[in-house]
Amino acid sequence: MTTDTRALAVASVPTSILRPSYEGSADWLRYQTFFPPAMRCTAETTPSEEWWSWNGIDVHLDRSAVPESPLKVIVLHGAGAYGRVMAPAAVIARRHGYETVSPDLPGYGLTKVAPERLDYALWIDCVVDLIKAEIERDGRPVLLFGVSLGGLLAYHAAARSRRVVGLVATTLADPRETAVRQGFARTALLGSAGLWLLHQLRPITDGMPLPMRYMSKMDRISNKPELSALCAGDPLGGGNWVPARFLRTLMYTAPDIEPESFDVCPVLLAHPGVDRMTDISLSRRFFDRLAGPKRMVVLEGASHMPTEHPGVDQLESAVLEFVGEIARARRA
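To keep things clear, this report deals only with the structure shown in the data block. The numbering scheme is per chain: residues are counted from 1 as the chain's sequence reads. Local features in a predicted model are, by the rule used here, given only for residues with pLDDT of at least 70; side-chain atom pairs are given and counted only at 80 or more, and totals for whole chains, interfaces and linings are based on all residues. Hydrogen atoms and water are omitted, and side-chain values are computed over all heavy atoms in the structure.

### Structural notes on the overall build of the protein chain
Rules: Elements are defined by DSSP. Helices are runs of H or I of four residues or more, strands are runs of E of two residues or more, and each kind is numbered from the N terminus. Computation of the radius of gyration draws on C-alpha atoms, with the globule rule given as 2.2 Å multiplied by the number of residues to the power 0.38. We call a residue buried when its accessible area falls under 20% of the maximum for its residue type, exposed when it is over 50%, and partly exposed in between, using a 1.4 Å probe and counting protein chains only. Note on contacts: a residue pair qualifies if any of its non-hydrogen atoms lie within 4.5 Å across the two residues. For the accessible areas, the method is Shrake-Rupley and the probe is 1.4 Å, while residue cover comes only from the protein chains on display. Residues counted as positive are Lys and Arg, residues counted as negative are Asp and Glu, and His and the chain ends are not counted. All charge positions are set by atom: Lys at NZ, Arg at CZ, Asp at CG, Glu at CD.
Helix and strand content of the protein chain: twelve helices and eleven strands. Against the globule reference of 20 Å for 332 residues, the protein chain gives a C-alpha radius of gyration of 18 Å, in line with a compact fold. With the principal axes as the frame, the protein chain shows a C-alpha extent of 50 × 45 × 40 Å. Across the 332 residues in the protein chain, those meeting the buried criterion constitute 59%. Of all intrachain contacts in the protein chain linking residues separated by at least 6 positions in sequence, the fraction that spans at least 24 positions is 77%. As presented, the protein chain carries roughly 13,000 Å² of accessible surface, and 56% of it is formed by carbon and sulfur atoms. Positive and negative side-chain charges of the protein chain, numbering 36 and 37 respectively, have mean locations separated by a distance of 2 Å.

Dropping the structure here:
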């Protein structure tokens with residue numbers, strides 16, 4: 001499901017007048033103190049806000065504009081965050097001369113959608129069309145950077161779009177595998193029998209609202225208990241409720257290209273070394289299946305939401321090297 005070109009235009013709108021905004025809200029600022037000072041937003045580095053009218057949905061975008069950037073990085077959150085929580089990535093990218101765009105995916109952050117429309121396919125379609133919109137906006141190539149579930153989403157979108165020049169993920173696991181489902185779910189029983197029942201009884205259960213913090217290991221999103229609690233209690237992110245349809249389709253959606261045939265772009269997997277939410281072995285299995293150029297970096301001391309040294313420094317270094325190589329190759 002894609003939209004026509006007219007629906008792909010990105011429009012800047014005075015958010016304070018027409019739509020909700022993060023400006024003046026202190027809620028997202030509570031995340032900032034958990035990141036190293038060099039990654040925190042300032043008055044100069046806080047992303048600007050835009051709204052993208054897509055497929056009948058007003059999608060909130062954070063943009064850190066760098067007109068001279070040789071490419072754009074679309075930063076994708078997972079099921080425990082939203083676009084503004086990804087702002088530290090934009091701060092780093094801006095410092096090194098790269099532009100970023102970070103959407104609040106449908107049902108998260110400030111992007112509202114009717115519950116009956118929310119499934120995982122909607123997220124994939126949204127990112128695929130955002131890639132197209134950003135390329136048509138100014139012709140610059142697009143690289144995807146997915147954090148947590150955003151890594152899998154970046155893979156699905158890249159496989160469908162085939163128009164991205166690179167893919168970075170902090171986790172990359174295939175939820176069609178039983179071990180991955182059990183690793184994602186809060187309990188092994190929920191990850192096996194529970195998800196199986198959601199699939200078998202989908203005509204009855206699809207519309208049932210489920211709290212993400214009780215369905216997944218949201219208490220392990222960080223190894224800092226206070227940060228995990230913040231994520232789990234944030235109604236815009238990890239404290240969100242989603243229809244069972246979203247979880248069911250997330251677990252059963254096959255990519256357009258299986259990893260063994262993936263030839264779209266180079267892949268960097270920068271997996272946290274102390275990830276208690278998604279075990280590194282689950283991502284490694286997916287990574288080992290990938291065809292084409294790839295590299296893997298283990299972030300020392302970092303949890304699922306990387307905020308710890310030296311892991312965040314290694315993440316910055318690995319991503320900058322990866323993106324720099326792609327940018328130089330395109331100029332050659």
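Resuming the write-up.
### Side note on helix α10 (residues 244-252)
In terms of burial, α10 is largely enclosed, as eight of its nine residues are buried. Those residues of α10 lying buried are Ala244, Arg245, Phe246, Leu247, Arg248, Thr249, Leu250 and Met251.

### Some points on the environment of Arg186
By the element assignment, Arg186 lies in the loop between α5 (178-184) and α6 (188-200). For Arg186, a relative accessible area of 35% puts it in the partly exposed group. Placed 115 residues apart in sequence, Arg186 and Leu71 show a C-alpha to C-alpha distance of 38 Å. Ignoring any residue separated from it by four or fewer positions in sequence, one finds Arg186 in contact with Arg213, Tyr214, Met215, Ser216, Lys217, Met218 and Asp219.

### Considering the nonpolar core
Inclusion rule: Only buried residues count toward a nonpolar core, which is a set of Ala, Val, Leu, Ile, Met, Phe, Trp, Tyr and Cys residues joined through side-chain atoms within 4.5 Å.
By size, the foremost hydrophobic cluster in this structure holds 107 residues, and its most contacted members are Trp123, Ile131, Leu144, Leu167 and Phe262. Here the element with the most residues in this core is helix α3 (residues 120-138); it accounts for eleven residues. Setting aside anything within four residues of it in sequence, one finds Phe262 in contact with Tyr155, Ala158, Ala159, Leu167, Ile257, Val267, Leu290, Ala291 and Gly292.

The quantities given are spatial measurements derived from coordinates; they are silent on function.
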